[in-house]
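Single-letter residue listing:
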Amino acid sequence: MKEVMAIIRQAKVKETLAALADIGVTSVTVHSLNGRGRQGGNIMESVDPEMKTDVECVSKIYKFPTPSSMAGDSKLTKPVLWVPKSLLNLVVSEVPVKKVLETLIAVNRTGRCGDGKVFILPLTDAVRIRTGETGDEAII
Amino acid sequence: MKMIRAIVRPEKEDDVVLALEGAGFPAMTKAHVFGRGKQKGLQVGPVHYDLLPKVLLLLVVNDEDVSRAMSVITDNSKTGFIGDGKIFVSEVEEAYTIRTGEGL
């Protein structure tokens, strides 16, 4: 049993969920949150029309002070932005993790900064609350 | 690699994030969450607050950086009062960058 955490663009959520359903992974938890990567969240230099969703949101949050811009003595020259992202949380046992991973990467890969990350974590147990089933049975 | 989930006071978010940036951990994810601890929320006179607003910071770091990242977070979010939050560390087996499709 593995937990897969994928941080992806918000605009790609629908497409990703459809692709996951195709390979038999239907149970997903989606969180909407903010994130940033190695670039310090500054995506303005890699802006392009296909990143519309992110850019629209960024132009909104750009007006508000960010941690780096508030700290006058910060060594960082560019303001640090938080980019809206979606976190897909899925627990898989039946479908191979490798297949899920390949699907996530195939759908979400655009080749530009901000595509996101996929983390795979071990999971010791799961319980289906309705029936009390535990382990692999709970997530099939 | 380890995943650090830190639940901190919202007013300390900026301090923690800036310090993490300075310590070489610019990449993280944050979410505004509600939670409570052992004290079951907060009682202010007749009003009881069951869930209190917190910020959840999620970052994945190399094994050797875990203690450094944790000390940066604790140093900057500590007030000494109830409600400072928690840090959870869990194992990450694999991590991939979607842009390149390669493992970290």
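This is a predicted model, so every value here is computed, not measured.

**Q** I would appreciate a short explanation of the confidence of the model for chain A in the present structure.
**A** Close inspection of predicted coordinates is inappropriate in any region flagged by low pLDDT. Residues and elements named next belong to chain A. In the predicted model, chain A carries a mean pLDDT of 78, and 71% of its residues have values of at least 70. No element of chain A has a lower mean pLDDT than helix 2 (residues 52-61), at 43, and none a higher one than strand 4 (residues 117-122), at 95. Ignoring residues within four places in sequence, the model shows residues 45-78, a span with pLDDT below 50, making 41 contacts including any to other chains.

**Q** Mind showing me how you'd approach the interface of chain A and chain B here?
**A** Reports often express the size of an interface as the amount of accessible area lost when the parts come together. Taken together, the contacts link 32 residues of chain A with 28 residues of chain B. Roughly 2700 Å² of surface becomes buried between chain A and chain B when both sides are summed, with 64% attributable to carbon and sulfur atoms. If you sort the residues of chain A by the area they bury against chain B, A:Arg36, A:Trp82 and A:Phe119 come out on top, with a joint share of 20%. Here chain A and chain B share two salt bridges between them. Summed over the shared surface of chain A and chain B, the result is eleven residue pairs in polar contact (both at pLDDT 80 or more). Among the residues making up the side of chain A that touches chain B, the classes are represented as 18 nonpolar, seven polar and seven charged. Both strand 4 of chain A and strand 7 (residues 94-97) of chain B contribute to a ladder of four bridges, which runs antiparallel.

**Q** I tried to follow the pattern of salt bridges on my own but got confused; where do I start?
**A** Side chains that differ in charge, positive against negative, can pair when their charged atoms come close. Evaluated as defined, the whole model comprises ten salt bridges over all chains. Linking A:Arg128 and A:Glu133 is a salt bridge whose minimum nitrogen-to-oxygen distance equals 2.8 Å. Judged by its relative accessible area of 23%, A:Arg128 falls in the partly exposed class. A salt bridge links B:Asp50 to B:Arg36, with the nearest nitrogen and oxygen atoms 2.6 Å apart. Separated by 14 residues along the polypeptide, B:Asp50 in the loop between strand 4 (47-49) and strand 5 (52-61) and B:Arg36 in the loop between strand 2 (28-35) and strand 3 (42-44) bring together distant segments of the chain. Note on B:Asp50: relative accessible area 36%, which makes it partly exposed.

**Q** How do you make sense of the pairing of strand 2 of chain B when you look at a structure like this?
**A** The side chains of a regular strand alternate, first on one face of the sheet and then on the other. The pairing of strand 2 (residues 29-36) of chain A with strand 2 of chain B spans three bridges and is classified as antiparallel. Within strand 2 of chain B, the residue paired with A:Arg36 across the bridge is B:Met28. Alignment of strand 2 of chain B against strand 5 of chain B, held across seven bridges, turns out to be antiparallel. For B:His32, the partnering residue across the bridge sits in strand 5 of chain B and is B:Val55.

What counts as what
- Residues numbered from 1 in each chain as written.
- Chains lettered and ligands numbered in written order.
- Predicted model: local features only at pLDDT ≥ 70, side-chain atom pairs only at ≥ 80, totals over all residues.
- Heavy atoms only, no water.
- pLDDT = per-residue confidence, 0-100.
- Helix = DSSP H or I, 4+ residues; strand = E, 2+ residues; numbered from the N terminus.
- Contact = heavy atoms within 4.5 Å.
- Buried area = accessible area lost by both parts, 1.4 Å probe.
- Salt bridge = Lys/Arg side-chain N within 4 Å of Asp/Glu carboxyl O.
- Polar contact = N/O pair within 3.5 Å; in protein donor to acceptor, adjacent residues only side chain to side chain.
- Nonpolar A, V, L, I, M, F, W, Y, C, P; charged D, E, K, R; others polar.
- Pairing = 2+ DSSP bridges.
- Buried < 20%, exposed > 50% of the residue type's maximum accessible area, 1.4 Å probe, protein only.

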